[in-house]
Amino acid sequence: MGLNVAVLANLKRNAPRYDGPADAWDDLDSDVTVDALIAALQAGGHRAAFLEGNLSLVEALPRLKPDICFNICEGHWGDSRESHVPALLEMLRLPYTGSGVLTLALTLDKPMTKRVLAFHGLPTPAFQVFERADEPLDDDLRFPLFVKPSREGTGMGVSGQSIVRDERALREQLAAQLARYQQPILVERFIRGREVTVGVIGNLPPPVARRMPDDETARRVLGGLRFLPPLEVDFRAYPETEGGVYTNRMKTEWAHDFRYLCPAPLAAEQVAQLDRLTAAVFRVTGCRDVARVDFRLDADDGDRPYILEVNPLPGLYPGLSDLVLEAAAAGIDHAGLINAILDAARRRCGL
Ligand SMILES: Nc1ncnc2c1ncn2[C@@H]1O[C@H](COP(=O)(O)OP(=O)(O)O)[C@@H](O)[C@H]1O
Ligand SMILES: [Mg+2]
């Protein structure tokens, strides 16, 4: 039976006035995405209406009385902005698609997420967080290093200059990013090599402890999750100024001409290893229904995979977003992807 679905998003055109950096709202969504979500849900036999994800929801949702919310809100303000709308939905006792409050707050914070991954022995580049540009560099970090904001997405703050090869470049990047983004800056070991991202839809069968399983139960951890074919960013197609990293420029200005390989040309064992790591990240960070995990394969260490970050709100722009391209490579069109996410949430919530 069809559901009454509220599509909740933060549209770029509704963004609050703000005199911060020009890329401040790069992660917000467009009408194209929202219209495609509505069309997809209708094609799936549901009713769907868009509501802007701000405080107006407190009145608009009780009026609309949705059975479930399809949430892609990135939020506007604060250290945990992606978790604000889900928190509100829980207060209104409304079910929603995707990850919950804790996971969205955690994964927006890259260093916090890395601490959780490291605790579970999952491979993520060695790192240090800077609140001042002149803090001493840890002895165990060696150049080249990579500098990026702790709590942004869509490659904000990521350019060819994020790769720093000496002390002076490091201090310059730190000063520039601290001033621009007004938040702690993450410095990681630079992983030279290929870049792949793995999308996943579904849920792990309960009970899902936020810990890594023993080897004997590893198979169960994959049950319920559908892995999409890995997508590789084709850096050969981009100018050298981008430094072989997936920059803000590539994700915004040049997004309409995204160059990628999907499925990425990888051996079956490599794909299986990436799927296992994706499942582990999904599990220990408590993801639900959908996620995308970004990896770099260390060219200096036999393509050993390193987890860069987990995206529990992956972009859903039709024909362009990584997850959408991965779904297409698996024969799932945009409407199929959106309904698969809804169905995962629906089963999880017993609707
Ligand atoms: N430690 C690293 N080594 C090499 N490249 C990196 C590293 N961290 C980030 N990058 C590059 O920067 C891009 C954006 O970083 P990521 O952590 O995925 O943030 P975002 O939320 O902006 O996607 C990555 O896709 C990758 O190309
Ligand atoms: Mg990323």
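Quick summary incoming for the structure in this document. (Residues numbered from 1 in each chain as written. Chains lettered and ligands numbered in written order. Predicted model: local features only at pLDDT ≥ 70, side-chain atom pairs only at ≥ 80, totals over all residues. Heavy atoms only, no water.)

Inspection of every chain in the model, using the stated rule, returns 23 salt bridges. A salt bridge links Asp 31 to Arg 13; the shortest N-O distance between them is 2.7 Å. Placement of Asp 31 in helix H1 (residues 31-43) and of Arg 13 in the loop between strand S1 (4-9) and H1 is noted, with a sequence separation of 18 residues between them. According to the relative accessible area criterion, Arg 13 is exposed, its value standing at 58%. Close ionic contact of Asp 27 with Arg 81 constitutes a salt bridge, the shortest N to O distance being 3.7 Å. With a gap of 54 residues between them, Asp 27 in the loop between S1 and H1 and Arg 81 in the loop between strand S3 (68-71) and helix H3 (84-91) connect regions that are remote in the sequence. The same class applies to Asp 27 as to Arg 81, namely buried. (Salt bridge = Lys/Arg side-chain N within 4 Å of Asp/Glu carboxyl O. Helix = DSSP H or I, 4+ residues; strand = E, 2+ residues; numbered from the N terminus. Buried < 20%, exposed > 50% of the residue type's maximum accessible area, 1.4 Å probe, protein only.)

Take the packing of aromatic side chains next. Within the structure shown, the criterion is met by seven aromatic pairs. A centroid spacing of 6.2 Å and a plane angle of 15 degrees characterise the contact between Phe 146 and Phe 190, whose relative ring orientation is stacked. On the criterion of sequence distance, the pair formed by Phe 146 in strand S5 (residues 145-149) and Phe 190 in the loop between strand S7 (185-189) and strand S8 (193-202) is long-range, its members being 44 residues apart. Cluster of aromatic residues (ring-pair linked, three or more members): Tyr 18, Trp 25 and Trp 77. The ring of Tyr 306 has Arg 189 lying over it, and the distance from NZ or CZ to the ring centre is 5.2 Å. Geometry around Tyr 246 places Lys 251 over its ring, the cationic atom sitting 4.4 Å from the centre. (Phe/Tyr/Trp six-rings, centres within 6.5 Å; stacked < 30°, edge-to-face > 60°. Lys NZ or Arg CZ within 6 Å of the ring centre and 35° of its normal.)

The contact between helix H4 (residues 101-108) and helix H5 (residues 110-119) brings their axes to 5 Å, and the two run at 105 degrees. Compared by their axis directions, H4 and H5 come out roughly perpendicular. Of H5, the residues touching H4 (which contributes Leu 106, Thr 107 and Leu 108) are Lys 110, Met 112, Thr 113 and Val 116. A class-by-class count of the residues in the contact of H4 with H5 yields four nonpolar, two polar and one charged. (Axes fitted to C-alpha atoms, helices over the stretch in contact; angles between N-to-C directions. Parallel < 35°, antiparallel > 145°, perpendicular 65-115°, else oblique. Contact = heavy atoms within 4.5 Å. Nonpolar A, V, L, I, M, F, W, Y, C, P; charged D, E, K, R; others polar.)

Moving on, we come to the coordination of the magnesium ion (ligand 2). For a metal with four donors in a tetrahedral arrangement, the ideal angle between donors is 109.5 degrees, while six donors in an octahedron ideally sit at 90 or 180 degrees. All of the protein donors around the magnesium ion (ligand 2) are Asp 294 (OD) and Glu 309 (OE); their distances to the metal are 1.9 to 2.1 Å. Note that Asp 294 is positioned in strand S12 (residues 289-298) and Glu 309 in strand S13 (residues 304-311), a separation of 15 residues in sequence. (Donors = N, O, S within 2.8 Å, 3.2 Å for Na, K, Ca; no water.)

Bringing the site of ligand 1 into the picture now. Around ligand 1 sit 20 residues in total, of which Lys 148, Gly 155, Glu 188, Glu 195 and Tyr 246 are the nearest. Between Lys 110 and ligand 1, the recorded distance is 2.8 Å, taken from a side-chain N or O atom to an oxygen atom. Lys 148 has a polar side-chain atom sitting 2.6 Å from an oxygen atom of ligand 1. For the shell around ligand 1, the secondary-structure elements that each account for two or more residues are S5, S7, S12 and S13. (Near = heavy atom within 4 Å. Polar contact = N/O pair within 3.5 Å; in protein donor to acceptor, adjacent residues only side chain to side chain.)

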